[in-house]
Amino acid sequence: MVADAAAAVVVAAAAIRIMLWLDPMGTAPLGRHLLLTVASVPAFALGAVVSQMYRARANDSTAREFQNILKTVLIGTVFMICLAFGAQMNDLSRAWVGVIAASTLVALTIERSIARRIFSRLRVNGRMRRRIVIVGTDSHAVRLHQVFEHDASLGYEVIGFVGERDPDFLFRDRVLGDFADVGAALAANDAVGVVMSPSSMSESELNSMTRDLTDAGYHVAISATLQDIDITRLRPQSVDGRSILYVEPVARTGATVVAKRVFDLVAASGLLITTAPIILGAMAAIKLTTRGPVLFKQTRVGLDGDEFTMVKLRTMVVDAEARLADLAGLNEADGPLFKIQHDPRITKVGRFLRRSSIDELPQLLAVLRGTMSMVGPRPALPCEVQQWDDATRDRLRVLPGLTGLWQVSGRSDASFDAYKRLDLFYVHNWSIRHDISICLRTVGVVLGARGAR
């Protein structure tokens, strides 16, 4: 709330500055417009409350938070216009209203993004974490605990479990009691709520406990056993008083395929034209500093297992492939992947090209040809595909991508298991919205030069 208020002050100062630039003759009285804005502050504050800006579970993603910011700005702006008309403010400047609305939207988005990173860092350091109890002692409860422990940025501190006392349970020494003891366990450990594993209890126990805990003011979350299904595909429905989840199918034919192809063509063409001087400059640098070809060509596996030739700017010495066997013992990746953080085969120019991702730009031609897409799973080597299981082969149901969910979620810093799971999540939940989001996140990854391949 304090950060939002500070952002509002910055918005007012910026609006005055912009108006002085747009209206140097002072035809719009700044004093009255500033007074109008101040009088509208309660409406913006009410809009923030109505839009659930201060409820964590309503802002669990940047997309949802942006939607809430948009609602807040809309409510405040509409009130400002109505107030001006009610006060018969005939000299109301449309530019002022537009500047206030746009500035507030931008300022809150930036401020909230910074706050989100600060909160995440604090949680990783053990602060601002919510103490919870996991209800259940089955394998799903164990996986929930592992998720919360592995990713501290989620903000949960598991203080223990309640459920059946199974001697084979991995965390049997942390069982705080039976299901009937959940209320006492929460109160004794100053916990705020529970996360339930529904498979560990009967239907009546689940319903009874949910009602009792919510009536007592505790937070209750029920973990579905669904994995790798995007939450945006889930539609809650009520059938005879029962809550069920309908899973929206992923459209892989018709208009959606056409839309993806149009997106690929427009994005690749625009990027290729924009970055052509950079590509030419990089090619010249490679030619002047090393011997051998400027381009590196390699066979990769694409849609439906069809092989194609991937072209990148060469970043390694000419005999890099021949030296691969000698470096096998230094491999830092697991599974079929091969990665070395300080690979001796990379040239000085190549190291810069990789960190800036400039070496990837020639792949835009493959996007235009249709053998690759702007977004998709990483194009794999034939030798990697030979080591895949049947589930991993689902990656071949879509075109490989210039960027993807794996690249923007850690890129080469991620394990093979994460690489596999993120790529499969993309395959099973593909949408144009996801493609645009991943492209935008790629910009941040490239500018930050994080985990370049």
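Preceding block: the structure.
Attention here is on the structure that accompanies the text.

Here is what the cut-offs are and how they apply
- Residues numbered from 1 in each chain as written.
- Predicted model: local features only at pLDDT ≥ 70, side-chain atom pairs only at ≥ 80, totals over all residues.
- Heavy atoms only, no water.
- Pairing = 2+ DSSP bridges.
- Helix = DSSP H or I, 4+ residues; strand = E, 2+ residues; numbered from the N terminus.
- Axes fitted to C-alpha atoms, helices over the stretch in contact; angles between N-to-C directions.
- Buried < 20%, exposed > 50% of the residue type's maximum accessible area, 1.4 Å probe, protein only.
- Phe/Tyr/Trp six-rings, centres within 6.5 Å; stacked < 30°, edge-to-face > 60°.
- Patch = residues over 30% accessible without salt bridge, like charges linked within 9 Å, V, L, I, M, F, W, Y side chains within 5 Å.
- Areas by Shrake-Rupley, 256 points an atom, 1.4 Å probe, with all protein chains shown as cover.
- Salt bridge = Lys/Arg side-chain N within 4 Å of Asp/Glu carboxyl O.
- Core = buried A, V, L, I, M, F, W, Y, C linked by side-chain atoms within 4.5 Å.
- Contact = heavy atoms within 4.5 Å.

1. A short note on the sheet that holds strand E5 (residues 219-222)
Strand order in the open sheet formed by 5 strands is E3-E2-E1-E4-E5, with parallel pairing between adjacent strands. Every other strand in the sheet has two partners, leaving strand E3 (175-177) and E5 as the edge strands with one partner each. Strand after strand, the sheet turns through a mean of 35° between neighbouring axes, direction not considered. Both strand E4 (residues 193-196) and E5 contribute to a ladder of 4 bridges, which runs parallel. What sits directly across from Val195, in E5, is Ala221.

2. Thoughts on the pairing of strand E9 (residues 307-313)
Most of E9 is tucked away, with 5 of its 7 residues classed as buried. Bridging between strand E8 (residues 295-301) and E9 involves 7 bridges; their strand directions are antiparallel. Note that in E9 the partner of Leu295 across the bridge is Leu313.

3. Here's the deal with the packing of aromatic side chains
Following the criterion strictly, the structure yields 4 aromatic pairs and no others. Relative to Tyr156, the ring of Phe148 has its centre 5.1 Å away and its plane inclined at 55°; by these criteria the two rings are tilted. A centroid spacing of 6.1 Å and a plane angle of 70° characterise the contact between Phe169 and Phe171, whose relative ring orientation is edge-to-face. The class of Phe169 is buried, set by a relative accessible area of 3%. Aromatic ring contacts, followed pair by pair, group Phe161, Phe169 and Phe171 into a single cluster.

4. Observations concerning a nonpolar patch on the surface
On the surface, a nonpolar cluster with roughly 530 Å² of combined accessible area is contributed by Val106, Ile110, Ile114, Ile118, Phe119 and Met128. Within the element layout of this structure, Met128 appears in the loop between helix H5 (94-124) and strand E1 (130-135). Met128 sits in the partly exposed class, given a relative accessible area of 43%.

5. Some points on unusual backbone geometry
Of all residues except glycine, most have a negative phi; of all peptide bonds, most are trans. Although it is not a glycine, Met128 sits at a positive phi angle of roughly 55°. With a phi angle near 55°, Asp190 is a residue other than glycine that sits in the positive phi range. On the basis of relative accessible area, Asp190 is assigned to the exposed category, the value being 61%.

6. Things to note about the nonpolar core
Counting 30 residues, the largest nonpolar core has Leu364 and Met374 as its most contacted members. Listed by contribution, the elements that provide at least two residues to this core are helix H9 (255-289), E9, helix H11 (364-369), strand E10 (373-375), helix H13 (405-408), helix H14 (416-428) and helix H15 (432-448). A per-element tally of this core places H9 first, with 6 residues. The contacts of Leu364, once residues within four sequence positions are left out, are Ala268, Leu271, Leu272, Thr275, Met374 and Leu402. Counting 20 residues, the second-largest nonpolar core is a separate cluster that includes Ala7, Phe44, Ala48 and Ile100.

7. Looking at the environment of Gly183
Topologically, Gly183 is positioned in helix H7 (residues 182-188). On the accessibility criterion, Gly183 (31% relative accessible area) is partly exposed.

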